[in-house]
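Residues per chain are reported as follows:
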Amino acid sequence: MSDPHDLSDSAFLRAVRGEPVSHTPVWFMRQAGRSLPEYLAVREGTNMLESCMNAELVTEITLQPVRRYGVDAAIFFSDIVLPLKAVGVDLDIKPGVGPVVAQPVRTLADVAAIPDLTPEHVPFITEAVRSLVGELAGMNGGTPLIGFAGAPFTVASYLVEGGPSKEHAKTKALMFGAPEVWDALMRKIAGISATFLEVQAAAGASAVQLFDSWAGALTPGDYERYVMPHSAAVLARVGALGVPRIHFGVGTTNLLSLMGTAGADVVGVDWRTPLGSAIPLVGDRAVQGNLDPTLVFAPTDVMTARAAEIIEAGRAAKGHVFNLGHGVIPSTDPDQLARLTEFVQSYPLG
Ligand code: CP3
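Remember, predicted model here, so these are calculated numbers, not experimental data.

### Things to note about the overall build of the protein
Argument step 1. Within the protein one finds 15 helices and nine strands.
Argument step 2. Over its C-alpha atoms the protein spans a radius of gyration of 19 Å, differing by no more than 12% from the 20 Å that the globule rule assigns to 350 residues.
Argument step 3. Overall size of the protein, expressed as C-alpha extent along the three principal axes, is 60 × 40 × 40 Å.
Argument step 4. Here the protein holds 350 residues, and the buried ones make up 57% of them.
Argument step 5. Here the protein carries 25 positive and 36 negative side-chain charges, and the mean point of each set is 4 Å from the other.

Put into structure tokens, the structure is as follows:
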């Protein structure tokens, strides 16, 4: 009998490797979360970070969108700041706000005070991934699990600003003005994010996504000099395990080529860049994306017409994984995402 955990022939992993697929695989960033009533029900009374440390809850929440939509991949329920919490950084995720850090990091001493992550800090991650891999093997013919981490720049932004930021001004001031502190901070986070990904891969995740959500705040020159080497270090460590890597950021039209070179097998494209223009920039790599998340609020035929354009554009790429151009908006109607999943999966590629 074949190994039930061998998902290498799934549409998702075939597309990631650039092999022919019977349908375009689809999953949604933030598919597990606030747009689902069943998520709100199980989260009732449990704080976000506590939920992320409870293997049973993580398993249930990760499976919810797979059950409801039959998507081609599951995304692990956690957060980019969870590993920082696990090593003891005083932070919280405030509902409707995002990660808030009690003592922002500004000096070499602040960086040195953050411990490195070890697998022993996150036993609940190993437990949740193992249980998920077992459950997912039996869902929809075998559904791969995507692990994830935050890229050094995006995580640094929360640590340096102390919370969410539009301009990332304090972060960039540190980057431009105190290169030795910046370098130490980026190395520290790169180590933490790489270990976080390794733990998920070792426990059975089929692929990983490195979220550099806020990298679009940088010019290509600054990205290449101050950020890319550290993201590349993270991607190299998981690449050594043979696990495919997706690399995603928002507003990254000018960075797509560099983000691919950093060591990605798949480059995630946000909705501002037409997929057809992104494909030549990413070179010999697959692409992921990129329906505007607000199109899910449009009439179904308008939404599916745009989805069809994206699927058609994606055919020029080495491989194409359908996704939204950023996360699911919390007020999204789950029935509309179900229709979108069904549309993408039944779109004829012949
Ligand atoms: O479904 C999934 O995609 C898996 C889970 C996931 C979460 N966060 C759960 C979450 C993933 C992949 C993330 C990544 C993440 N977290 C990113 C990168 C992705 C992106 O959106 O660009 C970033 C920047 C964060 C930091 C963060 N955590 C933000 C900005 C927020 C939203 C704040 C808010 O409430 O509007 C969070 C909280 C968060 N992470 C929630 C969820 C489901 C909401 C928590 C809740 O239910 O109150």
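### A few points about the packing of helix α8 (residues 152–161) against helix α10 (residues 179–202)
Packed helices, taken two at a time, are described by the angle their axes make and the gap between the axes.
Argument step 1. At a closest axis distance of 9 Å, the pairing of α8 and α10 adopts a crossing angle of 115 degrees. Compared by their axis directions, α8 and α10 come out roughly perpendicular. α10 is crossed by α8, and the crossing has right-handed handedness. Along the contact surface, α8 presents P152, F153, V155, A156, L159 and V160, while α10 presents W182, L185, M186, I189 and A190.
Argument step 2. In terms of residue class, the contact of α8 with α10 is made up of eleven nonpolar, no polar and no charged.

### Focus: the packing of helix α9 (residues 169–177) against α10
Argument step 1. Running from N to C, α9 and α10 point in directions that differ by 115 degrees, and their axes come no closer than 5 Å. Accordingly, the angle class assigned to the pair α9 and α10 is roughly perpendicular. Where α9 approaches α10, its residues T171, L174, M175, F176 and G177 are matched on the opposing element by P179, V181, W182 and L185.
Argument step 2. A breakdown of the residues in the contact of α9 with α10 according to their chemical character gives seven nonpolar, two polar and no charged.

### So, the site of the ligand
Argument step 1. Looking at the ligand, there are 26 residues lining it, with R30, Y39, D79, S213 and H326 nearest.
Argument step 2. Within the contact set of the ligand, an oxygen atom lies 3.2 Å away from a backbone nitrogen or oxygen of Q31.
Argument step 3. Note that an oxygen atom of the ligand is positioned 3.0 Å from one of the side-chain N or O atoms of R43.
Argument step 4. Notes on the ligand: free accessible area 870 Å², of which the protein chains cover 91%.
Argument step 5. Because more than half of its atoms lie within 2 Å of the grid, the ligand is assigned to the largest pocket.
Argument step 6. Elements that contribute at least two residues to the shell around the ligand include exactly α2 (37–43) and β3 (98–101).
Argument step 7. Its residues assigned to classes, the shell around the ligand shows 16 nonpolar, six polar and four charged.

### Some thoughts on the nonpolar core
Argument step 1. Ranked by size, the top nonpolar core spans 130 residues in total, and within it F12, Y223 and L340 carry the most contacts.
Argument step 2. With twelve residues, α10 is the single largest residue contributor to this core.
Argument step 3. What Y223 contacts, discounting residues up to four positions off in sequence, is D212, A215, L218, M228, P229, S231, H247, L255, L258, M259 and A262.

### Things to note about the pairing of strand β2 (residues 91–94)
Regular strands place their side chains on alternate faces of the sheet.
Argument step 1. Residues L91 and I93 line the buried face of β2, whereas the alternating positions D92 and K94 sit on a face that is not buried.
Argument step 2. Where β2 meets β3, four bridges bridge the pair, whose relative direction is antiparallel. By the bridge assignment for β3, L91 is matched with V101.
Argument step 3. In this structure, the hairpin formed by β2 and β3 is closed by a connection of three residues, where G96 is found at a positive phi of approximately 75 degrees.

### Details of the layout of surface pockets
Argument step 1. Counted as a void, the largest pocket has a volume near 1,400 Å³.
Argument step 2. In this structure, the largest pocket is lined by 45 residues; those nearest its centre are R30, R34, D79, G98 and P99.
Argument step 3. Of all elements in the fold, only α2, β2, β3 and α8 reach the threshold of two or more residues within the lining of the largest pocket.
Argument step 4. By residue number, the principal contributor to the lining of the largest pocket is α2, which donates three residues.
Argument step 5. Class assignment for the residues of the lining of the largest pocket results in 23 nonpolar, 15 polar and seven charged.
Argument step 6. Put simply, the second largest pocket is a space of about 210 Å³.
Argument step 7. Residue lining of the second largest pocket: 13 residues in total, with V21, G314, R315, H320 and L349 positioned closest to the centre.
Argument step 8. In the lining of the second largest pocket, the residues fall into six nonpolar, four polar and three charged.

Parameters at a glance
- Residues numbered from 1 in each chain as written.
- Predicted model: local features only at pLDDT ≥ 70, side-chain atom pairs only at ≥ 80, totals over all residues.
- Heavy atoms only, no water.
- Helix = DSSP H or I, 4+ residues; strand = E, 2+ residues; numbered from the N terminus.
- Rg over C-alpha atoms; globule rule 2.2 N^0.38 Å.
- Buried < 20%, exposed > 50% of the residue type's maximum accessible area, 1.4 Å probe, protein only.
- Lys, Arg positive; Asp, Glu negative; His and termini not counted.
- Charge placed at Lys NZ, Arg CZ, Asp CG, Glu CD.
- Axes fitted to C-alpha atoms, helices over the stretch in contact; angles between N-to-C directions.
- Parallel < 35°, antiparallel > 145°, perpendicular 65-115°, else oblique.
- Left-handed = near helix turned anticlockwise from the far one by under 90°.
- Contact = heavy atoms within 4.5 Å.
- Nonpolar A, V, L, I, M, F, W, Y, C, P; charged D, E, K, R; others polar.
- Near = heavy atom within 4 Å.
- Polar contact = N/O pair within 3.5 Å; in protein donor to acceptor, adjacent residues only side chain to side chain.
- Areas by Shrake-Rupley, 256 points an atom, 1.4 Å probe, with all protein chains shown as cover.
- 1 Å grid on protein atoms, 1.4 Å probe; cavity = no way out; pocket = protein on both sides within 12 Å on 5 of 7 lines; lining within 4 Å.
- Sits in = over half its atoms within 2 Å of the grid points.
- Core = buried A, V, L, I, M, F, W, Y, C linked by side-chain atoms within 4.5 Å.
- Pairing = 2+ DSSP bridges.
- Points joined across faces, edges and corners; volume = space filled by probe spheres on them.

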